[in-house]
Amino acid sequence: MLDTKAELQKSGQQDKTYTLLGPDKKPYQSKIPGTYGGHRKTKVYGRMDCPSALRAIAKGGYVQNRVFFADEETAIAAGFRPCASCLREKYTEWKERQKLQNPNR
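Residues numbered from 1 in each chain as written. Predicted model: local features only at pLDDT ≥ 70, side-chain atom pairs only at ≥ 80, totals over all residues. Heavy atoms only, no water.

1. Quick word on the pattern of salt bridges
Piece 1. Inspection of every chain in the model, using the stated rule, returns three salt bridges.
Piece 2. Between arginine 47 and aspartate 49 there is a salt bridge, and its shortest N-O distance comes to 2.7 Å.
Piece 3. Its salt-bridge partner being lysine 99, residue glutamate 96 comes within 3.7 Å of it at the nearest N-O pair. With glutamate 96 and lysine 99 both in helix H4 (residues 88–101) and three residues apart, the pair spans about one turn of that helix.
Piece 4. A relative accessible area of 42% means that glutamate 96 is categorised as partly exposed.
Piece 5. The class for lysine 99 is partly exposed, based on a relative accessible area of 48%. (Salt bridge = Lys/Arg side-chain N within 4 Å of Asp/Glu carboxyl O. Helix = DSSP H or I, 4+ residues; strand = E, 2+ residues; numbered from the N terminus. Buried < 20%, exposed > 50% of the residue type's maximum accessible area, 1.4 Å probe, protein only.)

Now the structure itself:
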């Protein structure tokens, strides 16, 4: 990830902007690309190299509902849950919390 203005300028990306989703679920423009991707309809976030997401994209799906986040905290604040494929441990923790919060489900 490119963190500083000097790194952005050196890479030639100083004019490029990325649309990210904020914790309020509203899109905003950023000079720095997101570190996590998500799916707007399923409310799942994961790594940018997630095998499940890449397979869905390759089949022509997913892209219309793709969103990006600056970091994991923002994805969680926006109401997204971890991906069961690429974030298995975090997904398992999330699932356990859900069971405790909703024991009848």
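2. Structural notes on a nonpolar patch on the surface
Piece 1. On the surface, Leu54, Ile57 and Val63 cluster together into a nonpolar patch covering about 230 Å² of accessible area.
Piece 2. Assignment of secondary structure puts valine 63 in the loop between helix H2 (51–58) and strand E5 (66–69). (Patch = residues over 30% accessible without salt bridge, like charges linked within 9 Å, V, L, I, M, F, W, Y side chains within 5 Å. Areas by Shrake-Rupley, 256 points an atom, 1.4 Å probe, with all protein chains shown as cover.)

3. Focus on the sheet that holds E5
Piece 1. Read from one edge to the other, the open sheet built from four strands follows the order E5-E3-E4-E6, with strand pairing classed as mixed. Only two strands of the sheet have a single neighbouring strand rather than two, namely E5 and strand E6 (81–82). (Pairing = 2+ DSSP bridges.)

4. Examining the confidence of the model for the protein
Detailed reading of the predicted coordinates is not advisable wherever pLDDT is low.
Piece 1. Residue-level pLDDT values for the protein average 89, and 86% of them are 70 or greater.
Piece 2. No element of the protein has a lower mean pLDDT than helix H1 (residues 5–11), which averages 61, and none a higher one than E6, which averages 98. (pLDDT = per-residue confidence, 0-100.)

5. Let's talk about the packing of aromatic side chains
Piece 1. A full pass over the atoms with the stated rule returns three aromatic pairs.
Piece 2. Summarising the aromatic geometry, the rings of phenylalanine 69 and phenylalanine 80 are spaced 4.9 Å apart at their centres and angled 70 degrees between planes, so their arrangement reads as edge-to-face. Of this pair, phenylalanine 69 sits in strand E5 while phenylalanine 80 is found in the loop between helix H3 (72–77) and E6, placing the two residues 11 residues apart along the sequence.
Piece 3. Above the ring of tryptophan 94, the side-chain terminus of arginine 81 is found at 5.4 Å from the ring centroid. (Phe/Tyr/Trp six-rings, centres within 6.5 Å; stacked < 30°, edge-to-face > 60°. Lys NZ or Arg CZ within 6 Å of the ring centre and 35° of its normal.)

6. Remarks on the environment of cysteine 83
Piece 1. Following the sequence through the fold, cysteine 83 ends up in the loop between E6 and H4.
Piece 2. Once the C-alpha coordinates of cysteine 83 and arginine 47 are considered, the two residues, 36 residues apart in sequence, prove to be 8.3 Å apart.
Piece 3. With residues near it in sequence (within four places) discarded, cysteine 83 still touches Val44, Tyr45, Gly46, Cys50, Arg88 and Tyr91. (Contact = heavy atoms within 4.5 Å.)

7. Comments concerning the nonpolar core
Piece 1. Ranked by internal contacts, the top residues of the largest apolar core, which has 14 residues, are Tyr45, Phe69 and Phe80.
Piece 2. Those elements that provide at least two residues to this core are strand E4 (44–47) and E5. (Core = buried A, V, L, I, M, F, W, Y, C linked by side-chain atoms within 4.5 Å.)

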